Amino acid sequence: MTTANTANENKSNLLLGTLIGGAAGALIALLLAPKSGRELRSDLMDAMQTLQTKGQELMAACKEKASETVETVREQGSQLVDKAHDMTDRVAEASHQALDRAAGATQEKLDKAQSAGHRALDNAQSTSHKAIDQADRAAASTTSKQ
């Protein structure tokens, strides 16, 4: 609860206590005053109407405060949802960037491995051709000597 809410709640409690105390004091004063029954009933009705009016005013103030509180909570909830969406978007973007970097690095390594494989194959092919040529020459020189 914020300081403003606590201060408002304290004011409401003070107002409610004042109303109840005033009504109780008025009732006691009326009951103890030396008046006729008609005057007493009239004073009691006036006090009840005053108390009813003040109660309605207090109820209206409470309804307004509750409405303001609901609106504040709604706005803060909306802000939290917006922040969560923003954070999710940032995390998704960072993930995509990391995946793109990983895919690029992997492709680069695959290209290097493929290139090295081709070179090794070319070297093996060249070496085998040389060995075949040497074998052919050796075979030719052996047949010519015979």
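See the structure above.
Residues numbered from 1 in each chain as written. Predicted model: local features only at pLDDT ≥ 70, side-chain atom pairs only at ≥ 80, totals over all residues. Heavy atoms only, no water.

Caption draft 1: Spotlight on the overall build of the protein chain. Across its full length, the protein chain carries two helices and zero strands. For 146 residues, the compact-globule estimate of 2.2 N^0.38 gives 15 Å, and the protein chain exceeds it by more than 25% at 48 Å. Projected onto its principal axes, the C-alpha positions of the protein chain cover 160 × 20 × 15 Å. Looking at the protein chain as a whole, 2% of its 146 residues qualify as buried. Summed over all atoms, the accessible surface of the protein chain reaches about 12200 Å², with 60% contributed by carbon and sulfur. Here the protein chain contributes 17 positive and 19 negative side-chain charges, whose respective centroids are spaced 5 Å apart. (Helix = DSSP H or I, 4+ residues; strand = E, 2+ residues; numbered from the N terminus. Rg over C-alpha atoms; globule rule 2.2 N^0.38 Å. Buried < 20%, exposed > 50% of the residue type's maximum accessible area, 1.4 Å probe, protein only. Areas by Shrake-Rupley, 256 points an atom, 1.4 Å probe, with all protein chains shown as cover. Lys, Arg positive; Asp, Glu negative; His and termini not counted. Charge placed at Lys NZ, Arg CZ, Asp CG, Glu CD.)

Caption draft 2: Focus on the layout of surface pockets. Size it by volume and the second largest pocket reaches roughly 190 Å³. Taken together, twelve residues line the second largest pocket, and the ones lying closest to its centre are Ala23, Ala26, Ala47, Met48 and Leu51. Counting only elements with at least two residues in the lining of the second largest pocket, the list comes to helix H1 (3-32) and helix H2 (37-145). Its residues placed into classes, the lining of the second largest pocket shows nine nonpolar, two polar and one charged. (1 Å grid on protein atoms, 1.4 Å probe; cavity = no way out; pocket = protein on both sides within 12 Å on 5 of 7 lines; lining within 4 Å. Points joined across faces, edges and corners; volume = space filled by probe spheres on them. Nonpolar A, V, L, I, M, F, W, Y, C, P; charged D, E, K, R; others polar.)

Caption draft 3: Structural detail: a nonpolar patch on the surface. Together, Leu27, Ile28, Leu31 and Leu32 make up an exposed nonpolar region whose accessible area comes to about 420 Å². Mapped onto the elements, Ile28 comes out in helix H1. The exposure class assigned to Ile28 is exposed, which follows from its relative accessible area of 51%. (Patch = residues over 30% accessible without salt bridge, like charges linked within 9 Å, V, L, I, M, F, W, Y side chains within 5 Å. Salt bridge = Lys/Arg side-chain N within 4 Å of Asp/Glu carboxyl O.)

Caption draft 4: View of the pattern of salt bridges. Under the criterion given, the structure shown has two salt bridges. Ionic pairing is found between Arg74 and Glu71, a salt bridge with its closest N-O pair at 3.1 Å. Note that Arg74 and Glu71 are positioned in helix H2 at a spacing of three residues, about one turn of the helix. Of the residues examined, Arg74 reaches a relative accessible area of 52% and is grouped as exposed.

Caption draft 5: How the structure looks around the environment of Gln107. With respect to the helices and strands, the residue Gln107 is situated in helix H2. In sequence terms Gln107 and Leu58 are 49 residues apart; their C-alpha atoms lie 73 Å from each other.

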